[in-house]
Amino acid sequence: MADDIYTVVLGDTLSEIAWKFNSTYNYGSNAMAAAQRLGAINDIENIDKLFIGQTLSLKNTKGKKIKKKKNNSLTPKISRMGIQSNSENTVFATWRFTRSHVKEYRCVWYYSTGDGVWFVGSDSTETRKQSTYNPPSNATRVRFNVKPISKTHKVTTTKKVKGKKKKTTKDVHYWTGKWSKDKIVEFSKSQKPDQPSVPSLEMNKYKLTAKVENLDTSVNKPTKIEFYVVKNNSSKVFKQDKANVVQRTASYSWNVDAGGKYKVKCRAIREIYKNKKVVSTLYSDWSDFSSEVTTIPNAPKSITSLEATSTTEIKCVWSTVSNVTGYEVEYTINKAYFNTNSEQVSSKTIEVGTTAIISGLDNGDEYFFRVRAVNEQGKSGWTPIKSCKVGQKPAAPTTWSSSTTAIVGEKVILYWVHNTNDRSKATKAGLELRVNGVDKSPKDFTYTPKDEGEETTYQYTIDTNAYSDGATIQWRVRTAGVTGVYGDWSVQRTIDIYAPPTLELHLTNTNDEDIEALSSFPLYVKGIPGPQSQSPIGYHLTVVSTEDYETEDQIGNEKFVSANEEVYSKFFDIKTQLLAELSANNIDLENGKTYKVHCIVTMNSGLTAEAELEFTVDWVEEEYGPDAEIIYNEDTYSCSIRPYCFTTPDEYFPDEETPETTAEEITETPSDSDEDEEETPEILVEGVTLGVYRRDYNGEFIEIATNLDNTSNIYVTDPHPALDYGRYRIVVTSKATGAVSYVDLPGYPISESSVIIQWNESWSNLITSEINVDEIPDEPTWSGSRVILPYNIDVSDKNDIDVSLVKYVGRKRPVSYYGTQLGETASWKVEIPKNDEETLYALRRLAVWTGDVYVREPSGTGYWANISVSMSQTHRQLTIPVTLEITRVEGGV
């Protein structure tokens, strides 16, 4: 739990949580008052309703006004849904809805049993913004929807019927509510099979067979048994496979490695089928492990060390093997003798340990060795052959250091490896140091050879406290082996010493004031590097979320942001101080969430410094209701869209509900006066930008225009609306907070009956005219080529999914691998009258066009495509058949 966040668990109540953190709220001994305050902070209407997994903010805001969103939407928003903290299966939901004149809410609960069908579990009404439901025991998921229902008021109208006045009174709803979005809660229920008995094992050379018998035959009987094999009592699995149950018995066999001990446990699996498909899989507990069985020994992996310990003696060390009674070592002066001349091969048996000392050897000769393991089951294979010379001078050592660029005060470690020619260990080493070109006293080291067979790395530590910023250290080393004679010097290496770099990080607002809470964009990130003796060469700036949350992208689609996920990342290739501006056009932040700013600066010394700060987003969000006007141009087959976003001044939303108006108070009375009835004024929202997106026939959104000012005289041109209905999404984005609201406009009927193909177009995408908002704008300018086919057309579409079907030995069917490419093609066929010369001329121009075209047909499809035109003319025929072969390609608007 973070310092100011608490997650609800089973049995929690708001009073207990508030009492636990009593010092935070400072309400003395009044836990209920603290609970009410905690509920207000977290926008909880009923403090007795919590759900498991709910996160509560514990940040004390006493004395501050709790900010609430202003929302005039007709769609309620489900704010919380889950299993009640004091129950195991009671589900509840709460929602937000701020409209006045609410009569009640219709609440519908659905449940699913895992077979793909939703059943209505409850359909009732509530007067408060909360509802609970107890699903049946076989429910696996629960879904909830809510719809507000308004009160009614009486309206009296007066009409003249046959010269007489007639009054009519009827009940009218204040508004018509809409259904909320679905929310779903998952349940986890099972009837697992019984635990099976311990499996029996049988070992036949390198084949292990496990079997379990007398399995359960009740209603929970298993359909499969899963075996879990462990080698050498390891905590990791060696093999894990499943076997079908046949006549209450299941068995499985594996090929196992030599030299190991094996044991097996198992568990039962019950698969639940629906229409011959597995819809649920239930597992029993694991059985106990069986007793261990063993195999013949494995061959030692390798000879790990082969070194000369004197001018006539070699020590041979090999890797250990389990389950052995001893080892056999063979050696000879000719590698070929192992298989051709056994009389020239010597051997030695080792009963304990993995080391053999072979003495009485000739100085200067090379000897070849191999080793194998032995136990009561037999003998293993041989290790790979290795050789060693007796009494040779070593080569120059391999060297490196812990860093080639160090900070003053930091310890630098010099490393080297003794490169032997006779496999002997180092007996001494000589180190030479030069600091700023001045020789230091050489350092000599004497070693006692170690018993380990692995190659030894030697080291020497330099304390840089004695050196100043800008110092240079040069070093090299040489070693000697069993002969005591030094080999060659190593390569001379250089280490540069610098003062430690620093980075001072600030988060500021437009007034250059440091902030911890962001109330509005922009946010400035300042980075001041040091010291002056080093210069920055670049900064890497990231912003990550510190918690999980759901939000909306710039189009309005929901997306999930995980904790520690980057919401902003950029590299600044600059050599000055860092000044980065974060605003709504380059970062998307969620109100009430905390983010971490992390910056790394790279200096010209090769060193880096980093710093990080946290800030909380704390601004007032508003939800807007954008709208638009659509005008269709029948000459250019295009649409002009005027987006806008109005709001009503706050004084027209009193804090308390207005009393119901009586029929007498609103009776319409005929009058000769030309005075208009007073309407609630609407004003354009300031500080927002608008975006227009066309919703394509396949559900994708195509950007028409974005970052539009919210004025009354901006028209956006869509050159290619669908020919059945124009469908658009209008998105409004707050400049101060980046908050996104949107509306999907009803389909605008176009009802064109012709096929339209356009290419080589030039449009004026945006019309900005100083005109009255009620006037139709000038038609957008257009130039290009197009074909209009008002004739009956046959359409054949084909979709070719990018998939590879790979066949594997041992599998009955191929395995599918899906890519990202979608091959969308179509074939359109139409007959053109011979006397339609204009259309034939346009088709001939289209046939030789070498670019992409935009194709639309009356059912609503439309996209950029590559097109191939074929025509054939037959004498004495009055029509010309035309075939258009179309392949969809990537394109823009």
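Residues numbered from 1 in each chain as written. Predicted model: local features only at pLDDT ≥ 70, side-chain atom pairs only at ≥ 80, totals over all residues. Heavy atoms only, no water.

Draft legend 1. The arrangement of the overall build of the protein in detail. Across its full length, the protein holds six helices and 65 strands. Split into buried and exposed, the 893 residues of the protein put 40% on the buried side. Intrachain contacts of the protein at a sequence separation of at least 6 include 67% that bridge at least 24 residues. Surface summary for the protein: the accessible area is close to 50,100 Å², and the carbon and sulfur share equals 44%. (Helix = DSSP H or I, 4+ residues; strand = E, 2+ residues; numbered from the N terminus. Buried < 20%, exposed > 50% of the residue type's maximum accessible area, 1.4 Å probe, protein only. Contact = heavy atoms within 4.5 Å. Areas by Shrake-Rupley, 256 points an atom, 1.4 Å probe, with all protein chains shown as cover.)

Draft legend 2. Representation of the nonpolar core in the model. Core analysis: the largest hydrophobic core is formed by 31 residues, its most contacted members being Leu518, Val525, Leu541, Val543, Leu589, Val597 and Phe615. Listed by contribution, the elements that provide at least two residues to this core are β37 (502–508), β39 (523–530), β40 (536–545), β43 (566–572), β44 (578–582), β45 (594–603) and β46 (608–617). Of all the elements, β45 adds the most residues to this core, at five residues. In this structure, Val597 is in contact with Leu505, Leu507, Val525, Leu541, Thr542, Val543, Ala611, Glu612, Leu613 and Phe615, ignoring residues within four places of it in sequence. Counting residues in hydrophobic clusters, the runner-up holds 24 residues, among them Ala628, Leu690, Ala705 and Ile714. (Core = buried A, V, L, I, M, F, W, Y, C linked by side-chain atoms within 4.5 Å.)

Draft legend 3. The packing of aromatic side chains, seen in detail. Tallying each qualifying case throughout the model produces 23 aromatic pairs. Measuring from centroid to centroid gives 5.6 Å for Trp400 and Tyr415, while their planes differ by 15°, and the two rings are stacked. On the criterion of sequence distance, the pair formed by Trp400 in strand β28 (residues 398–401) and Tyr415 in strand β30 (residues 411–417) is long-range, its members being 15 residues apart. Residue classification places Trp400 among the partly exposed positions, given a relative accessible area of 36%. Taken together through their ring pairs, the aromatic side chains of Trp95, Phe97, Tyr105, Trp109, Tyr133, Phe144 and Trp175 make up a single cluster. Of note, Arg370 hangs over the ring of Trp382, and the distance from its end group to the ring centre comes to 4.1 Å. Note that Arg478 overlies the ring of Tyr486, its terminal NZ or CZ placed 4.4 Å from the centroid. (Phe/Tyr/Trp six-rings, centres within 6.5 Å; stacked < 30°, edge-to-face > 60°. Lys NZ or Arg CZ within 6 Å of the ring centre and 35° of its normal.)

Draft legend 4. Molecular detail of the sheet that holds β28. The strand order across the open sheet built from three strands is β28-β30-β34, with neighbouring strands paired in antiparallel fashion. Looking at which strands have only one partner, the edges of the open sheet turn out to be β28 and β34 (457–463). Sheet twist, expressed as the mean angle between neighbouring strand axes with direction ignored, is 20°. When β28 meets β30, the two strands line up antiparallel, connected through four bridges. Counted as the bridge partner of Ser401 is Leu414 from β30. (Pairing = 2+ DSSP bridges. Axes fitted to C-alpha atoms, helices over the stretch in contact; angles between N-to-C directions.)

Draft legend 5. Representation of the sheet that holds strand β12 (residues 200–204). In spatial order, the strands read β12-β13-β16; together these three strands make up an open sheet with antiparallel pairing. The open sheet has two free edges, formed respectively by β12 and β16 (250–255), since each of these has just one partner strand. This sheet shows a mean twist of 15° between the axes of neighbouring strands, independent of strand direction. Alignment of strand β13 (residues 207–212) against β16, held across six bridges, turns out to be antiparallel. Counterpart to Leu208 in the pairing with β16 is Trp254.

Draft legend 6. Quick peek at the pairing of β44. Of the two faces of β44, only one is covered, namely that formed by Leu578, Ala580 and Leu582; the face formed by Leu579 and Glu581 stays uncovered. The pairing of β39 with β44 spans five bridges and is classified as antiparallel. Bridge pairing in β44 links Val525 to Ala580.

Draft legend 7. A negative patch on the surface, seen in detail. On the surface, Glu504, Glu513, Asp514 and Glu516 cluster together into a negatively charged patch. Position of Glu504 among the secondary structure elements: in strand β37. Here Glu504 falls in the partly exposed class, since its relative accessible area comes to 42%. (Patch = residues over 30% accessible without salt bridge, like charges linked within 9 Å, V, L, I, M, F, W, Y side chains within 5 Å. Salt bridge = Lys/Arg side-chain N within 4 Å of Asp/Glu carboxyl O. Lys, Arg positive; Asp, Glu negative; His and termini not counted. Charge placed at Lys NZ, Arg CZ, Asp CG, Glu CD.)

Draft legend 8. Local environment of the pattern of salt bridges. Tallying each qualifying case throughout the model produces 22 salt bridges. Overlapping salt bridges bring together Glu328, Arg372 and Lys379 as one network.

Draft legend 9. Structural view of the side chain of Thr508. With respect to the secondary-structure elements, Thr508 resides in strand β37. You can call Thr508 buried: its relative accessible area is 3%. Residues contacting Thr508, with those up to four places away along its chain left out, are Glu513, Asp514, Ile515, Leu523, Tyr524 and Lys526.

Draft legend 10. Just helix α6 (residues 837–847), in detail. Among the residues of α6, Thr839, Leu840, Ala842, Leu843 and Leu846 are the ones counted as buried. The buried residues of α6 occupy one face: seen down the axis, they fall within an arc of 160°. Residues of α6 that are exposed and point over 90 degrees away from its buried face: Glu837, Glu838 and Tyr841. (Arc of directions from axis to C-beta.)

Draft legend 11. Just the confidence of the model for the protein, in detail. For the protein, the mean per-residue pLDDT works out to 83, and 87% of the residues sit at or above 70. In the model, residues 766–776 has pLDDT below 50 throughout and makes 25 contacts with residues more than four positions away in sequence or in other chains. (pLDDT = per-residue confidence, 0-100.)

Draft legend 12. Seen up close, the environment of Asp171. Take Asp171: it is sitting in strand β10 (residues 164–173). Classification of Asp171 as partly exposed rests on a relative accessible area of 48%. When neighbours within four sequence positions are excluded, Asp171 is seen to be in contact with Thr152, His153 and Lys154. Polar contacts involving the side chain of Asp171 include one to the side chain of Lys154, which spans 3.0 Å. (Polar contact = N/O pair within 3.5 Å; in protein donor to acceptor, adjacent residues only side chain to side chain.)

Draft legend 13. Seen up close, the environment of Val685. Mapping Val685 onto the fold places it in the loop between β50 (683–684) and β51 (688–695). According to the relative accessible area criterion, Val685 is buried, its value standing at 8%. For the pair formed by Val685 and Ser734, sequence separation is 49 residues and the distance between their alpha carbons is 9.7 Å.

Draft legend 14. Fine view of the pairing of strand β25 (residues 366–375). Counting buried residues in β25 gives eight out of ten residues, a clear majority hidden from the surface. In terms of strand pairing, strand β22 (residues 326–332) meets β25 through seven bridges, oriented antiparallel. Residue pairing across strands places Tyr327 opposite Ala373, the latter belonging to β25. As paired strands, β25 and strand β27 (residues 386–389) are joined by four bridges and run antiparallel to one another. Of the residues in β27, the one forming a bridge with Tyr367 is Cys388. In the sheet, β25 pairs with strand β26 (residues 378–379) via two bridges, with the strands oriented antiparallel. Looking at β26, one finds that Val374 is bridged to Lys379.

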